[in-house]
2 protein chains.
Amino acid sequence: MHAETFFFMQVTILGCGSANPTQRHQPASQVLEMRGKLFMVDCGEGTQMRLAHSGLAMNRIGHIFITHAHGDHCFGLPGLISTMGLLGRTAQIHIHAPQELENYLQQTLDTFCHDRTHEVLFHAVDTQQHARVYEDRSVEVWALPLNHRTPCCGYLFREKQGPRHLRRDICDMYEIPICYFDAIKAGADWTQSDGTVIPNNRLTTDPTPVCSWAYVSDTRYKPQVAEWVRGVDLLFHEATFPADDLLRARQTYHSTSEEAARIAQAAQVGQLCIGHFSARIRDEKALLEQAQAIFPRTILADEGLQIDIAK
Amino acid sequence: MHAETFFFMQVTILGCGSANPTQRHQPASQVLEMRGKLFMVDCGEGTQMRLAHSGLAMNRIGHIFITHAHGDHCFGLPGLISTMGLLGRTAQIHIHAPQELENYLQQTLDTFCHDRTHEVLFHAVDTQQHARVYEDRSVEVWALPLNHRTPCCGYLFREKQGPRHLRRDICDMYEIPICYFDAIKAGADWTQSDGTVIPNNRLTTDPTPVCSWAYVSDTRYKPQVAEWVRGVDLLFHEATFPADDLLRARQTYHSTSEEAARIAQAAQVGQLCIGHFSARIRDEKALLEQAQAIFPRTILADEGLQIDIAK
């Protein structure tokens, strides 16, 4: 399936474990596919192998966003960047991450990838600012300040609103010249030679609805997040611990299943996906049920899971 | 199985692919188990996950030997060291590696593991010297200078010769006091009160034969290696390419299946294991047959393979 022909997002989960890897789950990484481009969020150890397994083409990744400088969220970066070089990549790769990762990344590249053929551009993200950190023609990405043991932010990806759709038959009926179509798609009315105004909503239909995805990990329960992710189609929120492990969640600056669901409920998101499961968890279904009791449209993350966001 | 009760070596292959990881093979890492201790050689990305899968206890690893500063041989180190900390390790971990890895490792630990509870001690290995780089009561480890694109050495693990075995019944017959037993186990004869000398070989039997393992990767064909690994029980030798890909092997400073077998034949080793397979290889059996034509006691490396060395 070639995504360029479909206006939707697809999120692939490459890893949804937490710091201590298990045989069940792998360190954090997810990939957003959108209009033929791939955006990666977090890149834990082994991400490049799971990416290969997923069938997603490594060379379509242009931007990687890292939430924070804990190894389970970024130890896969050097290997991924090296392999891109081995595969002959020449296109730039952009790394958006907290400042403290820059020296580590630079030194690692100097030691291992000094003869690479592709440029690695580091963009420091201020994890304390709710701000737009990237945009291109079709998407914008916002940093979501989180509350973890080290500077950390989530990311919100929101497709940009496209133009209104022209009702070509109506426009032709009013004999509107083609050179005005862009203005009409942008919302302009049409004034006929006799002075009659044809309102825009007669000439166009609404633009294709935009899709959005938010990735919120790692963090203590932070109600403010709900404001920032209001109405997103898919919210990934960490649920490292079950509801009854609230104290441990507080101590380790993580969230419980119920807390993740409360954010989803307050933000009225389309769907909630929970993950970043503690290595102690034997029964993820319990977490799912706890979350669904608050927010029914909840699913469990799993390695290889692909979630479509279509409208 | 608890190895302390057996005097043998066991080698577990955690990864035997080459630089570009495939769905078939993982980056390089092998573990030697000997008298209850684990020694790791190389630590490519994802090693900690495969170690967990192997059932070998991470906390029994005291020393890790790295052959060279290419990512597929060491990108798993930060994750492994981090996880040791998360599991509450307090024992030191020793890293023996080429000098150029020290800064990278130090910076990585400073960024990610500054609050770890265990000490990481770096020992620079001179990859140009055929020299002993480690010894304890039961084993010695030698560096084997190789010919790769970057400073690189293999490693030879040789069990230390234990004492001769006392023939207790004979010693008792000669009424030898217990305080002399250590000297006799070390090879001394026994002189009776009447001046008669009882030769040591009447009082003892030969010591348990020692086991040895050599790990030779990555390297161009280097005949001198055969001298250093002469008679080892198990030789792991890289065979990145099939025999007919000699030119590529030369260009990339790797060996072919036939070259690996020629080293094994010249060194008269007990068994040859070939690995570090190029991602281009679809048919490893061909490499096996090429090697076996020269050295029949050849096997193919594979993830999870455990090879016992017993005598």
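Our subject is the structure listed above.
The structure presented is a predicted model; accordingly, all values stated were derived computationally and were not measured.

Glancing now at the overall build of chain A. Along its length, chain A carries 11 helices and 18 strands. Considered along the principal axes of its C-alpha atoms, chain A spans approximately 75 × 55 × 35 Å. Considering chain A as a whole, with its 311 residues, one finds that 55% of them fall into the buried category. Taking all contacts inside chain A whose residues are at least 6 apart in sequence as the whole, residues at least 24 apart take part in 64%. Here chain A displays about 13200 Å² of accessible surface, and carbon together with sulfur accounts for 48% of that area. Across chain A, 28 positive and 36 negative side-chain charges occur, with their mean positions spaced 2 Å apart.

This part covers the packing of helix H4 (residues 101-112) of chain A against helix H4 (residues 101-112) of chain B. At a minimum axis distance of 10 Å, the contact between H4(A) and H4(B) shows a crossing angle of 160°. Here H4(A) lies roughly antiparallel to H4(B), going by the angle between them. Read as a crossing pair, H4(A) and H4(B) show a hand that is left-handed. Facing H4(A), whose interface residues are Leu101(A), Asn103(A), Tyr104(A), Gln107(A), Thr108(A), Thr111(A) and Phe112(A), H4(B) presents Leu101(B), Asn103(B), Tyr104(B), Gln107(B), Thr108(B), Thr111(B) and Phe112(B). Across the contact of H4(A) with H4(B), the residue classes tally to 6 nonpolar, 8 polar and no charged.

A few words now on the relation of the copies chain A and chain B. Superposition record for chain A on chain B: RMSD 0.0 Å, screw rotation 180°, translation along axis 0.0 Å. In the structure described here, the two chain copies are related by an operation that fits a two-fold rotation axis. Taking C-alpha positions as the reference, the residue of chain A nearest the rotation axis is Gly46(A), at 2.6 Å. Interface residue correspondence from chain A to chain B reaches 100%, placing this contact among same-surface, isologous pairings.

Next up on the list: the interface of chain A and chain B. Each side of the interface is counted separately: chain A has 34 residues, and chain B has 34 residues. Summing both sides of the interface, chain A and chain B together bury roughly 2500 Å²; the carbon and sulfur share of this comes to 63%. Considering only the surface of chain A that becomes buried against chain B, Glu45(A), Phe75(A) and Phe112(A) emerge as the three largest contributors, covering 28% of it. Viewed at the interface, chain B and chain A are joined by 0 salt bridges. One can count 8 residue pairs in polar contact (both at pLDDT 80 or more) joining chain A with chain B.

Residue and element names in this part refer to chain A. Relative to the helices and strands, Gln30 resides in strand E2 (residues 29-34). Its relative accessible area of 1% is what places Gln30 among the buried residues. Beyond its immediate stretch of four places on either side in the chain, Gln30 contacts Val11, Thr12, Ile13, Leu14, Phe39, Met40, Val41, Asp42, Trp213, Tyr215 and Phe236.

This paragraph deals with the sheet that holds strand E18 (residues 306-309) of chain A. Residue and element names in this part refer to chain A. Taken together, 7 strands build an open sheet; the order of strands is E6-E5-E4-E3-E2-E1-E18 and the sheet is mixed. The strands lining the two open edges of the sheet, one partner per strand, are strand E6 (120-125) and E18. Strand-to-strand, the axes of this sheet are offset by a mean angle of 20°, without reference to chain direction. The strands touched by H4 within the sheet are strand E5 (93-98) and E6, with E6 carrying the most contacts at an inclination of about 165°.

This part covers the pairing of strand E3 (residues 37-41) of chain B. Strand residues, when the strand is regular, have side chains that alternate between the two faces of the sheet. Residue and element names in this part refer to chain B. Burial within E3 is extensive, with 4 of its 5 residues counted as buried. Relative to E3, strand E2 (residues 29-34) runs antiparallel, the two sharing 5 bridges. The residue of E3 that forms the bridge with Gln30 is Val41. Between E2 and E3, which pair antiparallel in sequence order, lie 2 residues; one of them, Arg35, sits at a positive phi of approximately 50°. Direction of pairing for E3 relative to strand E4 (residues 61-65): parallel, over a ladder of 4 bridges. Bridge pairing links Phe39 to His63 in E4.

Another aspect to go through is the packing of helix H3 (residues 77-86) of chain B against H4(B). Between two packed helices, both the angle of their axes relative to each other and the distance between the axes serve to describe the pair. All names here are of chain B. Look at H3 against H4: their axes get within 11 Å of each other, and the N-to-C directions meet at 45°. With respect to their mutual orientation, H3 and H4 come out oblique. Like other packed secondary-structure pairs, H3 and H4 cross with a definite hand, here right-handed. Note on element contacts: H4 touches H3 through Tyr104, Leu105, Thr108 and Leu109, opposite Leu77, Pro78 and Ile81. Of the residues that constitute the contact of H3 with H4, the class distribution is 6 nonpolar, 1 polar and no charged.

What counts as what
Throughout, a residue's number is its position along its own chain's written sequence, starting from 1. Each chain takes a letter, starting from A, and each ligand takes a number, starting from 1, following the order in which they are written. pLDDT decides what is reported in this predicted model: residues at 70 or higher carry local features, side-chain atom pairs at 80 or more are listed and counted, and totals for whole chains, interfaces and linings draw on all residues regardless. With hydrogens and water excluded, all non-hydrogen atoms of the structure serve as input to the side-chain values. Helix and strand definitions here come from DSSP, where helices need a minimum of 4 consecutive H or I residues and strands a minimum of 2 consecutive E residues; each element is numbered from the N-terminal end. Here the term buried applies to any residue with accessible area under 20% of the maximum for its type, exposed to any over 50%, and partly exposed to those in between, with areas from a 1.4 Å probe on protein chains only. Here, two residues are considered to be in contact whenever any of their heavy atoms come within 4.5 Å of each other. Each accessible area is a Shrake-Rupley result for a 1.4 Å probe, and residues are judged covered by the shown protein chains and nothing else. Under the convention used here, Asp and Glu are negative, Lys and Arg are positive, and both His and the chain ends fall outside the count. Charge positions are represented by NZ for Lys, CZ for Arg, CG for Asp and CD for Glu. Fitting a line to C-alpha atoms yields each axis, with helices limited to the stretch in contact; the angle taken between N-to-C directions then spans 0 to 180 degrees. In what follows, roughly perpendicular refers to angles from 65 to 115 degrees, roughly parallel to angles under 35, roughly antiparallel to angles over 145, and oblique to any angle outside these ranges. By the definition used in this description, the sense in which the near helix is turned from the far one sets the handedness, with an anticlockwise turn below a right angle giving left-handed and a clockwise turn giving right-handed. Each residue is assigned to one class: nonpolar for Ala, Val, Leu, Ile, Met, Phe, Trp, Tyr, Cys and Pro, charged for Asp, Glu, Lys and Arg, and polar for all the others, Gly among them. Only residues with pLDDT of at least 70 in both copies count here: their C-alpha atoms drive the least-squares fit that superposes the copies. Accessible area, probed at 1.4 Å, shrinks when two parts are joined; the buried area is that loss added up over both. The working definition used for a salt bridge is a side-chain nitrogen of Lys or Arg within 4 Å of a carboxyl oxygen of Asp or Glu. N or O atoms closer than or at 3.5 Å make up a polar contact, with two conditions inside protein: a donor-capable atom paired with an acceptor-capable one, and, for residues adjacent in sequence, both atoms drawn from side chains. Strands qualify as paired when DSSP identifies two bridges or more between them.

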